[in-house]
Amino acid sequence: MSSKGSKMQNSSKRKDSESAEKSDAQKSKKPKLASSKSDKKHHTIQNQKPREQHGKPKFGKPKSFGDNDKFVNLSAKERRIQAKEEAAARKKRRKPHYTLEQELTSLWEKMRRRDIAKEDRSKLISEAIQKMKGKIPEIASSSVSSRVLQTCVKYCSQAEKEAVFKELHTRFVNLAFDRYAVHLLTKMLDGASKQQRAVCISSLRGHVARLLRHMSGSIVVEHAYQLGNAAQKQELLGELYSTELQLFKGLTSTTEKGVVDIIAKLGLQKGAVIRHMTAVIQPILEKGIADHSIIHKLLIEYLTIADKASAAIVIQQLTGTLLTRMVHTRDGSRVAMLCIKHGSAKDRKMIIKKMKDHVRKMASDQFGSMVLACIFTIVDDTKLVTKMFVRELMEKATLRDLVMDKNGRKPLLQLLHPNSSRYLSHDDLASLDLSVPSLCSMDDSETPSQTKDSDGGESGEEAKDEQEDMVTENTDIEENIRVAGSKKDPLLRRQELLVNSGLAEILIDVCVENAEEFIKSNVGKEVMYEVAVGGSDGILCPSLSEKLCELYKAITSVAAKPKPEKSEKNSEHILEDFQSSRTIRRLVLDCPAFASILYKEALSGKCRLWAQGHCSKILSAYVETQDLQVREMAKEELQVLVDEGALKISETKKTE
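What you see is a predicted model, and the numbers here were worked out from it, not measured in a lab.

Participant: Is there a simple way to think about the overall build of the chain in this case?
Facilitator: Secondary structure assignment for the chain yields 44 helices and zero strands. Buried residues in the chain amount to 44% of all 656 residues. Considering only intrachain contacts with a sequence separation of at least 6, the fraction spanning at least 24 residues in the chain is 70%. Of the roughly 36,600 Å² of accessible surface on the chain, 50% is carried by carbon and sulfur atoms.

Participant: Just checking my understanding: could you explain the packing of helix H19 (residues 270-286) against helix H21 (residues 308-318) for this structure?
Facilitator: For any two helices packed against each other, the geometry is given by the interaxial angle and the distance between the axes. In the contact formed by H19 and H21, the axes pass within 11 Å of each other and the chain directions differ by 15°. As summarised for this structure, H19 and H21 are arranged roughly parallel, according to the angle between their axes. Crossing of H19 against H21: the hand is left-handed. Residues Ile274, Gln282, Leu285 and Glu286 of H19 lie in contact with H21, whose contacting residues are Ser310, Ile313, Val314, Gln317 and Leu318. Tallied by class, the residues present in the contact of H19 with H21 amount to five nonpolar, three polar and one charged.

Participant: Explain unusual backbone geometry here, please?
Facilitator: Apart from glycine, the bulk of residues carry a negative phi angle, and the bulk of peptide bonds sit in the trans form. In this structure, Asn419 takes a positive phi of about 55° despite not being glycine. Here the phi dihedral of Asp537 falls at roughly 65°; this positive angle occurs in a residue that is not glycine. Relative to the helices and strands, Asp537 is located in the loop between helix H38 (524-532) and helix H39 (541-559).

Participant: Looking at this structure, how should I read empty space enclosed by the protein?
Facilitator: One water molecule sets the probe size; rolling that probe over the atoms shows where empty space is left. Using the criterion set out here, one finds three cavities of 30 Å³ or more in the structure. Of the pockets and cavities examined, the largest cavity occupies roughly 60 Å³. Every residue along the wall of the largest cavity is listed here: Val153, Lys161, Val164, Phe165, Met188, Gly191, Ala192 and Gln196. Sorting the residues of the lining of the largest cavity by element identifies helix H10 (158-168) and helix H12 (181-191) as the ones contributing at least two each. Top element by residues in the lining of the largest cavity is H10. It accounts for three residues.

Participant: I tried to follow a positive patch on the surface on my own but got confused; where do I start?
Facilitator: Taken together, Arg90, Lys91, Arg93, Arg94 and Lys95 make up a surface patch of like positive charges. Counting through the fold element by element, Arg90 comes out in helix H5 (residues 76-94).

Participant: Before we go on, may I ask you to explain the UniProt feature "repeat: Pumilio" (unreviewed entry) in the chain in this structure?
Facilitator: According to UniProt, the feature "repeat: Pumilio" (unreviewed entry) maps to residues 131-166, 167-202 and 203-238 in the numbering used here. A distance of 16 Å separates the end C-alpha atoms of residues 167-202, which is 75% helix and 0% strand. This span, residues 203-238, is 78% helix and 0% strand, and a straight line between its end C-alpha atoms measures 15 Å.

Participant: Please explain the pattern of salt bridges as it appears in this structure.
Facilitator: A side chain with one charge may pair with a side chain of the opposite charge, provided their charged atoms come close. Under the criterion given, the structure shown has 25 salt bridges. Residue Asp115 pairs with Arg113 through a salt bridge whose shortest N-O separation is 2.9 Å. Exposure remark for Asp115: the relative accessible area of 58% places this residue in the exposed category. The shortest N-O distance in the salt bridge between Asp427 and Arg330 comes to 3.2 Å. In this pair, Asp427 sits in helix H30 (residues 426-432) while Arg330 sits in helix H23 (residues 330-342), placing the two residues 97 residues apart along the sequence. Owing to a relative accessible area of 35%, Arg330 belongs among the partly exposed residues under this scheme. Connected through shared salt-bridge partners, Arg330, Asp331, Arg334 and Asp427 make up one network.

Participant: Sorry, what's going on with the packing of aromatic side chains here?
Facilitator: Two measures describe an aromatic ring pair: the distance that separates the ring centres and the angle between the ring planes. Evaluated as defined, the whole model comprises two aromatic pairs. For the ring pair Tyr599 and Tyr622, a centre distance of 5.5 Å and an interplane angle of 55° mean the geometry is tilted. Pair noted here: Tyr599 is in helix H41 (residues 592-603) and Tyr622 is in helix H42 (residues 615-624), with a separation of 23 residues, a long-range link. There is no split in this pair, since Tyr599 and Tyr622 are both buried. A cation over an aromatic ring shows up here: Arg112 above the ring of Trp108, its NZ or CZ 4.4 Å from the ring centre.

Participant: Is there a simple way to explain helix H35 (residues 490-500) in this structure?
Facilitator: Residues three or four positions apart in an α-helix share a direction because the helix packs 3.6 residues into each turn. Among all positions of H35, only Arg493, Arg494, Glu496, Leu497, Leu498 and Val499 are buried. As for H35, its buried residues are in contact with helix H26 (368-378), helix H27 (382-388), helix H29 (409-416), helix H36 (503-513) and H39. Once H35 finishes, Gly502 follows within two positions and takes phi at roughly 90°, a positive value.

Participant: Would you mind going over the environment of Arg409 with me for this structure?
Facilitator: Inspection of the secondary structure puts Arg409 in helix H29. Judged by its relative accessible area of 15%, Arg409 is buried. If sequence neighbours within four positions are ignored, Arg409 has contacts with Leu402, Val403, Asn522, Val523, Glu526 and Val527.

Participant: What should I look at first to understand the confidence of the model for the chain in this one?
Facilitator: Detail in the predicted coordinates should be disregarded across regions flagged by low pLDDT. Per-residue pLDDT for the chain averages 82, and the proportion of residues at 70 or more is 80%. Segment residues 27-47: pLDDT under 50, and three contacts once partners within four positions in sequence are set aside and those in other chains are kept. Segment residues 52-56 is flagged for pLDDT under 50; beyond a separation of four residues in sequence, or across chains, it makes four contacts in the model.

Participant: Got a minute to help me understand the packing of H26 against H29 in this structure?
Facilitator: H29 packs onto H26 with a crossing angle of 25° between their chain directions and a minimal axis gap of 8 Å. Classified by the interaxial angle, the pair formed by H26 and H29 is roughly parallel. In terms of crossing hand, the pair formed by H26 and H29 is right-handed. Between H26 and H29, the residues in contact are Ser369, Met370, Leu372, Ala373, Phe376 and Thr377 and Lys410, Pro411, Gln414 and Leu415, respectively. Of the residues that constitute the contact of H26 with H29, the class distribution is six nonpolar, three polar and one charged.

Participant: Could you clarify how one ought to interpret a nonpolar patch on the surface in this entry?
Facilitator: A cluster of nonpolar residues, Leu247, Phe248 and Leu251, forms a patch on the protein surface that exposes about 300 Å² of accessible area. Inspection of the secondary structure assignment puts Phe248 in the loop between helix H17 (243-247) and helix H18 (259-266).

Participant: Explain H10 to me, please; I cannot follow it from the model alone.
Facilitator: Residues of H10 that are buried include every one of Glu160, Lys161, Val164, Phe165 and Leu168, and no others. The buried residues of H10 occupy one face: seen down the axis, they fall within an arc of 140°. Facing away from the buried side of H10 by over 90 degrees, the exposed positions are Ala159 and Lys166.

Definitions and limits used
Residues numbered from 1 in each chain as written. Predicted model: local features only at pLDDT ≥ 70, side-chain atom pairs only at ≥ 80, totals over all residues. Heavy atoms only, no water. Helix = DSSP H or I, 4+ residues; strand = E, 2+ residues; numbered from the N terminus. Buried < 20%, exposed > 50% of the residue type's maximum accessible area, 1.4 Å probe, protein only. Contact = heavy atoms within 4.5 Å. Areas by Shrake-Rupley, 256 points an atom, 1.4 Å probe, with all protein chains shown as cover. Axes fitted to C-alpha atoms, helices over the stretch in contact; angles between N-to-C directions. Parallel < 35°, antiparallel > 145°, perpendicular 65-115°, else oblique. Left-handed = near helix turned anticlockwise from the far one by under 90°. Nonpolar A, V, L, I, M, F, W, Y, C, P; charged D, E, K, R; others polar. 1 Å grid on protein atoms, 1.4 Å probe; cavity = no way out; pocket = protein on both sides within 12 Å on 5 of 7 lines; lining within 4 Å. Points joined across faces, edges and corners; volume = space filled by probe spheres on them. Patch = residues over 30% accessible without salt bridge, like charges linked within 9 Å, V, L, I, M, F, W, Y side chains within 5 Å. Salt bridge = Lys/Arg side-chain N within 4 Å of Asp/Glu carboxyl O. Lys, Arg positive; Asp, Glu negative; His and termini not counted. Charge placed at Lys NZ, Arg CZ, Asp CG, Glu CD. UniProt positions renumbered as here; feature names shortened; annotations may be inferred. Phe/Tyr/Trp six-rings, centres within 6.5 Å; stacked < 30°, edge-to-face > 60°. Lys NZ or Arg CZ within 6 Å of the ring centre and 35° of its normal. pLDDT = per-residue confidence, 0-100. Arc of directions from axis to C-beta.

Given below as structure tokens:
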């Protein structure tokens, strides 16, 4: 019994010792990295450190606690440095010229400074070009290296420019498609010699249409077109006209002014030319590339030969935002005028609405101002034009700036005195008179059957069938086309835009407030004269005669000021100023009401004092005027000066 009890006691002691050893072993072991979901959740809630978790790999072997401690112990600055080093290592593996770009960047930061000496900049540029030698075409597409190359091309010597040019001219077309290299190419064209520029332009041969369809490539073609001479421009445009001109060089010369002359000289088929130009133009317009002058020239030439349906399609495509981006060039403004002339009422309304936010900028632009003048001349919906355009120009500050601007005054003068060769150049008048031949009423009277029979082609019956097919296909388009011009009476349209809108009244107030400045200005005097005489056909006189009297008195009050002394050079009297004296003379001859007020309040009893210099032209106008009352009013005082020889009049007037 005792032996059994001792055995049981020993076994219990053994079990107790084993359990104790197990508990000690569990305490001494490190915590496992992988735990149950409940333990993980509990652990993340207790010790949540999101910033320490950042940077751990998503997959792969987890870090040990020793490495984790090192990562956690890094400061924020050290972590940033480590991240930069890792990013630089990745870029170095990805970019073959990363180290070179870093060196060029450090040089560029020094050479592009404005306060650097020329010798120091030349040394830095030479060093940069030496580093890039043999690698320029490869690094020209980089955003960093392209900027360095632009600065080098701008300031480097001629020998260094030639070295850069030799490496780039063979890759000119390929680089033109790159969004960073395009700026380098335009800079290179600016600083290139005539021979180098000719090589660059000739390298574009065969690729002009493809480049114009690309956002970056079109910039290079436009820049080359702007810098090229007449022959080079014709060469670039020729590819867009016909396949023959794209394949064979030297078929055209500068004597051919347009595509019509080229067709006549080379005997090209008009239909083939239209199809080729359509295939070139459509993708360009679909991509919205409409800012370049070469495209505007292409559109003008296309509209001169296009048939009715093709011209209608192009006009509809241009109606909208594209047209507002074209009015800054000569040909672009002409395209806009053609769209306004031949567009439907719906098209015109859309064009005017899209241009509303650009009215002031257009009014001050050389060619945009003529588009406004065209709208004032053609569009019958005067309520829409008044709402969108006229009200934008009715602020006094805006009107003052327009009157004193050589371009801004054109829309105002077109309302006051339409189509005057005194205020509009021959080119401006030609732009207003342009039209699309296929959309004019004269061309509509001639049927296609008559044309084909006269050419000896298809018979009249076959042509009639073709005509019916064309009409059925393009019914929707041709319904929107209208003949150039408008139905409303021009005088009534001017009355509604100028007088009924309130523009004329505000314009007179601006002229009263700035009478001396306007009448002395070579630009502002024309608007001042037209307002004072009441405009063409006396459009202002019936309803605004009282306002015009205020303007006459404002001019007279300035003219009635005492004659300044010779020592006062800056303050020249308006009767002695060259510009103002000529304008006042015209007003005396053409506006009897102004002549009477001026004589009574400023010149009566003082004619001998003003009988010399530029003012003598004004006094002689009182003798030469056709108005009998004005002439009799000043005759008594002026005849004495004429008899004495103090006042001279023209020989033609003496004979009369």
